[in-house]
Amino acid sequence: MTNRQKLVLVGNGMAGVRAIEHLLKLTPDAYDITIFGAEPYPNYNRIALSSVLAGGADMKDIIFNDLNWYSENNIRLFMGHAVTRIDTARRKVFSDKGAEAEYDSLILATGSNPFMLPLPGADKEGVIGFRDIKDCEIMMETSKTYKKAVVIGGGLLGLEAARGLLNLGMDVSVVHIHEHIMDRQLDTAASMMLRRELESQGMKFLLKKHSESIVGRKRVQALKFADGSQIETDLIVMAVGIRPDVKLAKASGIEVDRGIVVNDYMETSVPGVYAVGECAQHRGIFYGLVAPLYEQGAVLAKRLAGVETEGYAGSVTSTKLKVSGVNVFSAGVFKEPEGARSLRYQDEIDGIYKKLVIQDDKLIGAVLFGDTGDGAKLFSLIKKGESIKGREKELLGIAAGGQSESSASRLEAMADDEIICGCNGVSKGAIKDAILSKGCTSVGDIKACTKASASCGGCKPEVAELLQIYAGDKVVSVKEGICGCTTLSRDEIVAEIKRMGLKTIKEVMNVLEWNNEEGCSKCRPSLNYYLGMLWPEEYKDEKESRFTNERYHANIQKDGTYSVVPRIYGGVTSPAELKKIAEVAEKFEVPLVKFTGGQRIDLLGVKKEDLPKMWEELDMPSGHAYGKALRTVKTCVGSTFCRFGTQDAMGMGIRLEKEFERLNTPAKVKLAVSGCPRNCAEATIKDFGIVAIDGGWELHVGGNGGVHVRATDLLCVVKTEDEVVEWASAFLQYYRENAQWNERTSNWVERVGLDSIKQALEKKEDRLALQERIKTALGVTKDPWKEIVEEKELRKNFEPLAGVPASV
C-alpha cells in the first residue's frame with residue numbers, strides 16, 4: 001500500500017485502543033498506526049483493577065491485547081512513553097523519552113486523573129488515589145506492613161477499593177461526606193441494604209464526615225475531621241471522583257473546558273485531532289464508565305474509516321458494583337422527579353430490593369439489589385423509551401401468585417436486541433447467534449467471539465445462562481479449558497502430551513485441535529512450562545512464549561527500566577561481593593539500590609541495553625527474581641551466632657539454594673530456614689519452610705506471605721540435613737508435576753489437600769524417584785545471564801534499534 005495515512009493514538013487505554021480495534025476491522029490497511037502509552041504495560045482492562053486488588057485476578061488476566069497483538073497488526077508501540085508535546089502545525093507528537101511521530105490523524109485518549117482532595121497533609125506518604133496498577137501495587141505492598149486503611153469516598157470506586165483492602169487483611173473504614181453510600185446511584189433503601197451487607201463483611205463506615213486534614217510526620221498517621229474527631233490510619237485512599245486529563249491538549253492550543261471539547265464525531269477544535277474516552281467532553285458531559293467510551297470509539301472508528309455513521313448523541317449509563325457477594329444495579333434516574341412515580345418490591349428476608357421509576361408510562365430509571373438478573377432488560381427499556389403500561393408488575397419480576405419469575409424465563413422472554421453486556425454493547429441476539437450459528441459451547445468461546453463478559457465480567461452469569469438455554473445438550477459436555485483456545489483442562493493436556501509424545505507447542509495445538517492456531521497469552525506460557533517439565537532433556541524452551549520479565553531476565557519497572565537482582569545464596573554475602581555490587585551500581589548510574597524482603601540486593605532503574613554489560617561486570621548468577629522459578633532461600637544466623645539457634649540455618653539454606661537454583665516451577669517458589677522455633681526467617685509463610693528443633697527439622701509446606709496470606713502446613717519432621725534435601729526435592733518435583741501453571745503452592749495444597757501430598761511422598765522409593773527426576777530437570781538448566789553475556793546473538797535482543805529510542 002502506498003497511500004496509507006499516519007495515525008497516532010496518545011493513550012494506550014481502553015477507549016483509544018477499542019477505537020483502533022474497530023478501525024482495523026473496518027479498514028485494516030488504511031493507516032500506519034503508532035500508539036504511545038505512559039504506563040509500562042500493554043492495553044489492559046482498567047475496570048478490572050478492583051478484581052486484581054480483591055485477589056480475584058492477576059495482572060496477566062486483565063491484559064486485553066498483549067504485545068503480540070500490536071506486532072500482528074503492525075502497530076508501532078511506545079510503551080512507557082508519555083507524550084509531552086504536540087506540534088499541531090507540523091502534525092507531530094513528542095514523548096518524554098525522545099520518541100516522535102508524525103500524523104495525519106491524531107487521537108487523544110489521555111483518560112483522567114483521580115481527584116485528590118486538597119487537604120493539608122495530602123502530600124504525605126501513604127496518601128494515594130485508586131486509578132492504575134501502580135495504586136494497586138502500593139495498596140498490596142502497604143498491607144504487608146500496615147494494618148489500618150481509610151477510603152475517602154463511599155461511591156462505586158471507593159467501595160471496590162475498600163473491599164480489596166479488606167481482602168488484603170486490612171482494617172478498613174470508609175469515610176463519606178453524605179448520609180448514604182453510593183448516593184449518586186442508589187436510593188435510601190438500597191443504600192442502607194448495601195451498607196448492612198458490607199458491614200457484615202467487616203467494612204466500617206463514617207458517614208456525614210467532612211475531612212479536614214491529614215495528620216502525620218512523613219507518613220500519614222490519622223485523618224482529622226471538621227467536627228474535631230479523627231481516625232488513626234496507615235493508608236488513605238482518595239476515591240472522590242476523576243478529572244479529565246487535558247494538560248497536553250490545553251498546552252497544544254486545543255479547546256478544553258472541563259474536558260477536551262469534541263463534537264458528535266469526536267473532532268476537537270483542531271483539524272485532524274480527535275478525542276475519545278474520559279478526557280473528552282461531549283455536549284458538556286464527560287463520562288467515567290466504559291460503555292459510553294466504547295460508543296464514542298465506535299463512532300470515531302467509522303469516521304476515520306470513511307464509513308457513514310450517525311454522530312455520537314450521548315449515553316444513558318448503568319452501573320454494577322463489582323464487589324464479591326453483593327449484587328447491585330442502577331440505571332437512569334433513581335429518584336422520582338416531579339410528575340414521576342415509582343414501584344418498589346422489597347424482601348428483607350432474602351435481601352432483595354427492586355425499584356422502577358416511571359414517567360409518562362415510560363421507564364426512566366431502575367435500582368436493583370440482591371437480584372440483578374433483570375438489569376440488562378430494564379436498561380434496554382430505559383434506552384428505548386417505549387411504553388411499559390400494563391407491564392409494571394412483570395418488570396418488577398413478580399409473576400402471578402407473587403412468585404418471582406425465574407432468571408431463565410426472563411432471559412428466554414427477552415428480545416434479541418436487548419443488551420446483555422453493557423460494557424461492550426453485546427446483545428442477547430449476538431450471543432444467541434454465537435451459540436447457534438458459530439458453534440460457541442462455553443462462556444470462554446462466547447467471550448472470544450463477541451467480547452461479552454470480557455470487561456467487568458458482571459454479565460457472566462447471564463451469558464452462562466443463555467449458553468444453557470441455547471446450547472441444549474451440548475453444554476453438558478462443555479467445560480472450561482485452560483483458556484478460550486481449548487476446552488481441555490491442564491490434566492487432560494499433560495496426559496495427552498505424555499501419551500502421544502508431543503514435543504512442541506505448535507504440535508500440541510495442532511494435534512489437540514486448538515480453536516485458535518496461534519494460541520494466546522494464557523495457553524502458550526502454560527504449554528511451554530508443561531513441555532519443559534515433561535521433557536527436560538529434549539524440549540527447547542520457547543522464549544517468545546514467556547512474559548517480558550522472563551524474556552529479558554529482569555523485572556520491568558513502571559518507567560520501562562529494569563531491576564537486577566543477583567543471586568546471594570542464603571542471603572549470606574561478603575565485603576568483597578558488596579564492593580563489587582556497589583562499583584557496578586556506580587558505574588551504571590543505578591538510581592536506587594534496595595534490600596529486598598528475601599535478603600537480596602535489588603539494583604533498580606537499569607536500562608535494557610545495559611543489562612548484559614551489567615551482568616558481565618557483576619559476574620554473579622541470576623537471582624531469578626523475575627521468573628516462575630526458585631526465588632530465594634531466606635535464613636537466620638542459626639546456631640552459628642544466635643544463642644537460641646539449634647541448627648546451622650545458614651548452611652542448610654545455602655545448600656538448598658545451590659541445590660535448586662534455576663529450577664523452573666509452575667509459579668514462583670520461596671524457601672526459608674529458621675534456626676529455632678522463634679522462626680526469625682519466617683519459614684512458616686513460605687512455599688517450603690524449614691524450622692530447626694532440637695535434634696531435627698520441621699518441614700512445612702504451602703505457605704504464602706503475599707496477597708493471600710497463608711500459614712504453612714506441617715509436612716513432617718526429619719532428623720538430618722540429607723533428609724531435608726530429599727523431602728524438599730520430592731515435594732518440589734511433585735508440585736512441578738501436578739500443579740497448574742501459575743498456581744502457587746498455597747493454592748495447590750488447598751486444592752489437592754495435604755493428605756494426598758503426604759500419601760504421595762510417604763514411601764522412600766517414591767521420594768527418591770521424584771528426587772531423581774528433579775535432578776534431571778536441574779541438570780539441563782543454565783544460568784541465563786551467563787548465556788547472554790557469552791552469546792553475541794542473544795545480546796542483540798538488548799540493543800536498541802537504530803533510529804528508534806529504547807522502548808519495550
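Above this text you will find the structure in question.
This one's a predicted model, so the numbers in the text were calculated from it and none came from an experiment. (Residues numbered from 1 in each chain as written. Predicted model: local features only at pLDDT ≥ 70, side-chain atom pairs only at ≥ 80, totals over all residues. Heavy atoms only, no water.)

Chemist: Help me understand the overall build of the protein in this model?
Modeler: Scanning the protein from N- to C-terminus turns up 28 helices and 36 strands. Structurally, the protein occupies a C-alpha span of about 85 × 65 × 65 Å along its principal axes. Looking at the 808 residues of the protein, the share that counts as buried comes to 51%. Considering only contacts within the protein whose residues lie at least 6 apart along the sequence, 62% involve residues at least 24 apart. Counting every atom, the protein has about 35,800 Å² of accessible surface; 48% of that belongs to carbon and sulfur. Taking the average location of the 107 positive side-chain charges in the protein and that of its 113 negative ones, the two points are 2 Å from each other. (Helix = DSSP H or I, 4+ residues; strand = E, 2+ residues; numbered from the N terminus. Buried < 20%, exposed > 50% of the residue type's maximum accessible area, 1.4 Å probe, protein only. Contact = heavy atoms within 4.5 Å. Areas by Shrake-Rupley, 256 points an atom, 1.4 Å probe, with all protein chains shown as cover. Lys, Arg positive; Asp, Glu negative; His and termini not counted. Charge placed at Lys NZ, Arg CZ, Asp CG, Glu CD.)

Chemist: Any chance you could explain the nonpolar core here in plain terms?
Modeler: Counting 50 residues, the largest nonpolar core has Ile20, Val93, Leu106 and Leu108 as its most contacted members. Contacts of Leu108, omitting those with residues within four sequence positions, involve Val10, Ile86, Leu248, Ala249, Ile254, Ile260, Val273, Tyr274, Ala275, Val276 and Cys279. If you look at the next biggest cluster of nonpolar residues, it comprises 45 residues, including Ile62, Met139, Met140 and Ala239. (Core = buried A, V, L, I, M, F, W, Y, C linked by side-chain atoms within 4.5 Å.)

Chemist: Mind showing me how you'd approach the side chain of Arg744 here?
Modeler: When you line up the elements, Arg744 lands in the loop between α23 (721-738) and α24 (745-752). Taking the relative accessible area as the measure of exposure, Arg744 reaches 15% and is therefore buried. Within the structure, Arg744 has its side chain in polar contact with the backbone oxygen of Lys668 (distance 3.1 Å). The contacts of Arg744, once residues within four sequence positions are left out, are Ala667, Lys668, Asp687, Asn704 and Tyr735. (Polar contact = N/O pair within 3.5 Å; in protein donor to acceptor, adjacent residues only side chain to side chain.)

Chemist: Even after reading the chapter, I still don't get the pattern of salt bridges, so can you show me in this structure?
Modeler: Side-chain pairing between opposite charges can occur once the charged atoms of the two side chains come close. A complete count under the given rule lists 45 salt bridges for this structure. Across the pair Asp371 and Lys354 runs a salt bridge, and its minimum N-O distance is 3.5 Å. Of this pair, Asp371 sits in the loop between β25 (362-369) and α9 (375-384) while Lys354 sits in strand β24 (residues 352-359), placing them 17 residues apart in sequence. Pair check on accessibility: Asp371 and Lys354 agree, each one buried. When the shortest N-O distance is used, the salt bridge between Arg662 and Glu661 registers 3.9 Å. Residue classification places Glu661 among the buried positions, given a relative accessible area of 10%. (Salt bridge = Lys/Arg side-chain N within 4 Å of Asp/Glu carboxyl O.)

Chemist: Please explain the sheet that holds strand β29 (residues 562-564) as it appears in this structure.
Modeler: Sheet strands associate in pairs through backbone hydrogen bonding, adopting either a parallel or an antiparallel arrangement. Taking strand neighbours across the sheet as the criterion, the four strands line up as β28-β29-β31-β30 in an open arrangement whose pairing is antiparallel. Looking at the sheet topology across the chains shown, the edges are occupied by β28 (555-556) and β30 (592-595). Where β29 and strand β31 (residues 601-606) come together, three bridges link them in antiparallel fashion. Of the residues in β31, the one forming a bridge with Ser563 is Leu604. (Pairing = 2+ DSSP bridges.)

Chemist: Any chance you could explain the state of the cysteines here in plain terms?
Modeler: Two cysteines whose sulfur atoms are joined by a covalent bond form what is called a disulfide. One pass over the full model with this rule turns up zero disulfides. Residue Cys449 stays outside any disulfide, its sulfur separated by 4.1 Å from that of Cys440, the closest cysteine. Assessed through its relative accessible area of 34%, Cys449 is described here as partly exposed. The closest cysteine sulfur to the non-disulfide-bonded Cys636 is located on Cys680, 5.9 Å from its own sulfur. Judged by its relative accessible area of 16%, Cys636 is buried. (Disulfide = S-S within 2.5 Å.)

Chemist: What am I meant to see in the pairing of strand β1 (residues 5-10) here?
Modeler: The two faces of the sheet receive side chains in turn, since in a regular strand these alternate between them. Bridging between β1 and strand β2 (residues 31-37) involves six bridges; their strand directions are parallel. Counted as the bridge partner of Gln5 is Tyr31 from β2. Read as a crossover between parallel neighbours, the route from β1 over helix α1 (residues 14-26) to β2 is right-handed. (Right-handed = clockwise from strand over helix to strand, strands pointing away.)

Chemist: Got a minute to help me understand the pairing of strand β16 (residues 235-238) in this structure?
Modeler: Burial along β16 is two-sided: the residues Leu235 and Val237 and Ile236 and Met238 are all buried. Both strand β9 (residues 127-129) and β16 contribute to a ladder of three bridges, which runs parallel. Of the residues in β16, the one forming a bridge with Val127 is Ile236.

Chemist: I would appreciate a short explanation of the packing of helix α16 (residues 490-500) against helix α18 (residues 523-534) in the present structure.
Modeler: Helices that pack against each other are described as a pair by the angle of their axes relative to one another and the distance between those axes. Contact geometry of α16 with α18 gives a least axis separation of 11 Å together with a crossing angle of 45 degrees. Considering the angle they form, α16 stands oblique to α18. Considering how the two elements wind past one another, α16 and α18 form a crossing that is right-handed. Here Arg490, Ile493, Val494, Ile497 and Lys498 of α16 come into contact with α18, specifically with Leu527, Tyr530, Leu531, Met533 and Leu534. By residue class, the composition of the contact of α16 with α18 is eight nonpolar, no polar and two charged. (Axes fitted to C-alpha atoms, helices over the stretch in contact; angles between N-to-C directions. Parallel < 35°, antiparallel > 145°, perpendicular 65-115°, else oblique. Left-handed = near helix turned anticlockwise from the far one by under 90°. Nonpolar A, V, L, I, M, F, W, Y, C, P; charged D, E, K, R; others polar.)

Chemist: Where do I start with the sheet that holds β16 in this structure?
Modeler: The sheet built from five strands is open, its strands ordered β9-β16-β10-β11-β12 with parallel pairing. Either end of the sheet is taken by a strand with one partner, and the two such strands are β9 and β12 (204-207). Put simply, the sheet's adjacent strands are angled 25 degrees from each other on average, direction ignored. This element, helix α5 (residues 156-167), spans β10 (148-152), β11 (171-176), β12 and β16 of the sheet and lies at about 165 degrees to β11.

Chemist: What is the right way to read unusual backbone geometry from this model?
Modeler: The general pattern is negative phi for most residues beyond glycine and trans for most peptide bonds. Of note in the backbone geometry, Asp361 takes a positive phi value of approximately 65 degrees without being a glycine. Examined against the element boundaries, Asp361 turns out to sit in the loop between β24 and β25. You will see that Glu589, though not glycine, has its phi angle at about 50 degrees, which is positive. Relative to the elements of secondary structure, Glu589 occurs in the loop between α20 (575-587) and β30.

Chemist: Honestly, the packing of helix α22 (residues 649-660) against α23 in this entry has me stumped. Any pointers?
Modeler: Axis separation between α22 and α23 bottoms out at 11 Å; the angle between their running directions is 40 degrees. Between α22 and α23, the angle is such that the two are oblique. Between α22 and α23 lies a crossing of right-handed hand. Residues Met652, Arg655, Leu656, Glu659 and Phe660 of α22 pack against Glu721, Asp722, Val724, Val725, Ala728, Ser729 and Leu732 of α23. Residues belonging to the contact of α22 with α23 are distributed by class as follows: seven nonpolar, one polar and four charged.

Chemist: So what exactly am I meant to see when it comes to the packing of aromatic side chains here?
Modeler: For any two aromatic rings, the description comes down to two numbers: the centre-to-centre distance and the angle of the planes. Per the counting criterion, the structure on display carries 13 aromatic pairs. Between Phe688 and Phe731 the ring centres are 5.6 Å apart and the planes differ by 40 degrees, which places this aromatic pair in the tilted class. Placement of the pair is Phe688 in strand β34 (residues 688-693) and Phe731 in helix α23, with a sequence separation of 43 residues. With respect to class, Phe688 is no different from Phe731; both count as buried. Taken together, the ring pairs connect Tyr552, Tyr562, Trp615, Trp785 and Phe798 into an aromatic cluster. Across from the ring centre of Phe94, 4.0 Å away, lies the NZ or CZ of Arg85, which sits over that ring. (Phe/Tyr/Trp six-rings, centres within 6.5 Å; stacked < 30°, edge-to-face > 60°. Lys NZ or Arg CZ within 6 Å of the ring centre and 35° of its normal.)

Note that all results are geometric; they support no functional claim without further evidence.
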